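Here is what each chain is made of, one letter per residue.
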Amino acid sequence: MDIIICCFYIMTSLYLENVIIKMRKYRNLLTRDKINKEDIIQIVYKTGSVRKDVKFQKGKFYAYNALNKEIRYEEKEIYSNYDLFCLNHEIGHLQDDNSNRIFFFSIMKGIERMVFLPLYILSIALTFLYSSIFQVIVLIIGIVLLIFAFFQLYFICKYEKSASVYALSVINKIDIDIYEKFSDVCLKQQFLMELLEVQIVLFWLIIVG
Ligand SMILES: [Zn+2]
């Protein structure tokens, strides 16, 4: 069984590598046309149906903060169509966020990363010392992690996709095919990363179990 998971892991990794190469290629194409620093938010207002009360905050990367409904965008000297797409993608999350489901998923991801994953690794290590009790703990945490991962896969398919659909609907139509391809590989990248996590959890669950 573990051999099968290993084979899937290698195949997923190779596919992910291919997706990342394409992602870089489309990203480079989208950074050709430059946008003035002062104009980026104005363009977003003009092209989309963004509410005037949306809070934009400069930061290190593009993100939607579901807790205070704030859009973070990268602080840089020169912007491009790539930035416009990312910014509109985050606005897409905000437009989606009627029932705070994105907030729920963000909290879930945080708990997974900060609590369950470290506990899982620790429990796996401890099974080599105290096998029976930690075998049960690994089993329980592993199942919890798998449930979390499937929720995340659902989140990617539904909310990441719809945020990109929003972004594609408001950006300039000239390079639409490049935007579409970029959006597609970004989605695949997130999905494959989560899938790799599922495979690692499953692998150890079977080894320890
Ligand atoms: Zn997103």
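Here is what the cut-offs are and how they apply
Residues numbered from 1 in each chain as written. Predicted model: local features only at pLDDT ≥ 70, side-chain atom pairs only at ≥ 80, totals over all residues. Axes fitted to C-alpha atoms, helices over the stretch in contact; angles between N-to-C directions. Helix = DSSP H or I, 4+ residues; strand = E, 2+ residues; numbered from the N terminus. Parallel < 35°, antiparallel > 145°, perpendicular 65-115°, else oblique. Left-handed = near helix turned anticlockwise from the far one by under 90°. Contact = placed C-beta atoms within 7 Å. Buried ≥ 20, exposed ≤ 12 C-beta atoms within 10 Å, placed from the backbone. Pairing = 2+ DSSP bridges. Expected span 1.5 Å × (residues − 1).

(A) Fine view of the packing of helix H2 (residues 40–47) against helix H3 (residues 81–96). One way to put it is that H2 packs onto H3 with a least axis distance of 11 Å and a crossing angle of 55°. The angle between the axes of H2 and H3 places the two elements in the oblique class. When you trace H2 past H3, the crossing you get is right-handed. Taken together, the residues of H3 that come into contact with H2 (itself represented by Ile 40, Ile 43 and Val 44) are Asp 83, Leu 84, Leu 87, Asn 88 and Ile 91.

(B) Spotlight on the pairing of strand E4 (residues 70–74). The alternating pattern of E4 places Ile 71 and Tyr 73 on a buried face, while none of Glu 70, Arg 72 and Glu 74, on the opposite face, is buried. Alignment of strand E3 (residues 63–65) against E4, held across three bridges, turns out to be antiparallel. From the neighbouring strand, Tyr 64 faces E4, where its bridge partner is Ile 71. Linkage of E3 to E4, two consecutive antiparallel strands, is achieved through a turn of four residues, within which Lys 69 is found at a positive phi near 50°.

(C) Representation of H3 within the structure. End to end, H3 covers 22 Å across 16 residues, agreeing with the expected 22 Å (1.5 Å per residue, within 8%). Most of H3 sits out of view: 14 of its 16 residues are buried.

(D) The arrangement of helix H6 (residues 176–208) in detail. Taking 1.5 Å of rise per residue, 33 residues should cover 48 Å, and H6 covers 48 Å from first to last C-alpha, within 8% of that figure. Those residues of H6 not exposed but buried are Tyr 179, Phe 182, Ser 183, Val 185, Cys 186, Val 198, Val 201 and Leu 202. If you follow the buried residues of H6, they end up packed against helix H1 (2–30), H3 and helix H5 (131–170).

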